[in-house]
Amino acid sequence: MNNKEIIEKAKTSHILSKEQLVSILADKNISSFLFKSADEVRQQFVGDEVHLRGLIEFSNICRCNCFYCGLRKDNNNIKRYRLEAEKIINIAKTAKAYGYKTVVLQSGEDAFFNTDKMTEIIKAIKQLNLAVTLSLGEKTKEEYKAYKEAGADRYLLRIETTDKSLYTKLHPNMSFDNRVQCLYNLKELGYEVGTGCLVGLPQQTIEMLADDILFFKELDADMIGLGPFIPSPDTPLKKEKGGTLDISLKVMALTRILLPDINIPATTAMETLDYNGRIMALQSGANVVMPDVTEETYKKMYSIYPGKAGLNNTPEEYKKNITLKIEKLGRTISNGYGFHTRRQNSSL
Ligand code: SAM
Ligand code: SF4
């Protein structure tokens, strides 16, 4: 079978071997066929609705030193901030006023937000009848349990790369096994679990990317967020090449084909590489957009990588623009919470 035939078959079986994934990822002439196929699977399984989730970046303080990230602890060239609980809750109220049904609370691994502080914030936001997604990094199972009991619905924790040796090189003082354990703990606690990877990391091969996709399937993830690695100044990887939009979209499209009914965001990193990156992603398997609702001063300081898309728009402008673009594609903005259709374990 050639790659087109392999993809055609996978559209109904949702199975691909590592060898088949590698062959497709290596194929320079398959992108448009692959993207179209993923778009068809997306339409068949999750329909034409796009779910908007309001992203609140509430602290850029981090105890970790991930080699690729501008927020890493050893970067002394960024101004650090953390928002007060009241401010975070007010931003969630604004997100609700924009019509968002979910807020995503994201931060560096900031110990200031201990269990009591986090649960207080989660409970207050749940009073607004919003779904809450957390993206706070690695925590103990007890902490994850407390957030869940406070009402958190989903958790995003990218595995970043499933190659243990590459993971270890890029994450000083962190453990690959612990990261995997965190994902299984989250699943056991009843979260909708999101993971994903960085595409184009130094020394990453397409075999590793194929393993990443198979890991997503094995975990039976509810969401997959992935995007290109974009070199960030003031990090050890500042001189590296970074990932391309094409290979990122290929990994995303293959993920849609293998996990047909999950939620897949068109990520900011994709839009950062190409003005049309998010729209291309929405046409290649994605069904979620996470507009940044953080105030301008702070979202500029949340500088994971340079040139982050959307920095020069107010949340209001961004919502208007993305709505127009989505409608132009013949798609609609969802009025629902956008839970993983197969599971629907919402507390709302
Ligand atoms: N601290 C939490 C964590 O690491 O899970 C959440 C915040 S962290 C900034 C969110 C994501 O940003 C990470 O999972 C990583 O994949 C992504 N990221 C960090 N540096 C990046 C870079 N240089 N290019 C693209 N994405 C990057
Ligand atoms: Fe911290 Fe997350 Fe950045 Fe790693 S990726 S340095 S954990 S903010």
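None of the values given here were measured: they were computed from a predicted structure.

## Details of the nonpolar core
Counting 105 residues, the largest nonpolar core has L105, I125, L134, Y147 and Y191 as its most contacted members. Not counting residues within four places of it along the chain, the set of residues in contact with L134 comprises L105, M118, I122, Y147, A152, R154, Y155, L156 and Y191. One finds L55, V104, L156 and M290 within the second-largest nonpolar core, a separate group that totals six residues.

## Examining the environment of G330
Topologically, G330 is positioned in the loop between α14 (315-328) and β10 (332-333). Along the chain, G330 and I230 lie 100 residues apart, while their C-alpha atoms are 31 Å from each other.

## Structural notes on the layout of surface pockets
Its boundaries defined by the atoms lining it, the largest pocket holds a volume of some 280 Å³. Contributing to the lining of the largest pocket are 14 residues, with G200, L201, Q204, G242 and G243 lying nearest its centre. Residues that form the lining of the largest pocket fall into these classes: six nonpolar, six polar and two charged. Residue lining of the second largest pocket: R63, C64, N65, K73, E109, E138, K139, P172, N173, M174 and N178, and that is the complete set. Residues belonging to the lining of the second largest pocket are distributed by class as follows: three nonpolar, three polar and five charged.

## Notes on helix α8 (residues 176-188)
If you check α8, its first and last C-alpha atoms are 19 Å apart, about what 13 residues at 1.5 Å a residue would give, namely 18 Å. F176, R179, V180, C182, L183, N185 and L186 are the residues of α8 that are buried. The inward-facing, buried residues of α8 contact α6 (141-150), β4 (154-156), α7 (164-170), β5 (192-195) and α9 (206-219). Two or three places before D177, at the start of α8, stands the capping residue S175, its side-chain oxygen 3.3 Å from that residue's backbone nitrogen. With its phi angle positive at about 90°, G190 sits one or two positions after the end of α8.

Basis of the calculations
Residues numbered from 1 in each chain as written. Chains lettered and ligands numbered in written order. Predicted model: local features only at pLDDT ≥ 70, side-chain atom pairs only at ≥ 80, totals over all residues. Heavy atoms only, no water. Core = buried A, V, L, I, M, F, W, Y, C linked by side-chain atoms within 4.5 Å. Buried < 20%, exposed > 50% of the residue type's maximum accessible area, 1.4 Å probe, protein only. Contact = heavy atoms within 4.5 Å. Helix = DSSP H or I, 4+ residues; strand = E, 2+ residues; numbered from the N terminus. 1 Å grid on protein atoms, 1.4 Å probe; cavity = no way out; pocket = protein on both sides within 12 Å on 5 of 7 lines; lining within 4 Å. Points joined across faces, edges and corners; volume = space filled by probe spheres on them. Nonpolar A, V, L, I, M, F, W, Y, C, P; charged D, E, K, R; others polar. Expected span 1.5 Å × (residues − 1). Polar contact = N/O pair within 3.5 Å; in protein donor to acceptor, adjacent residues only side chain to side chain.

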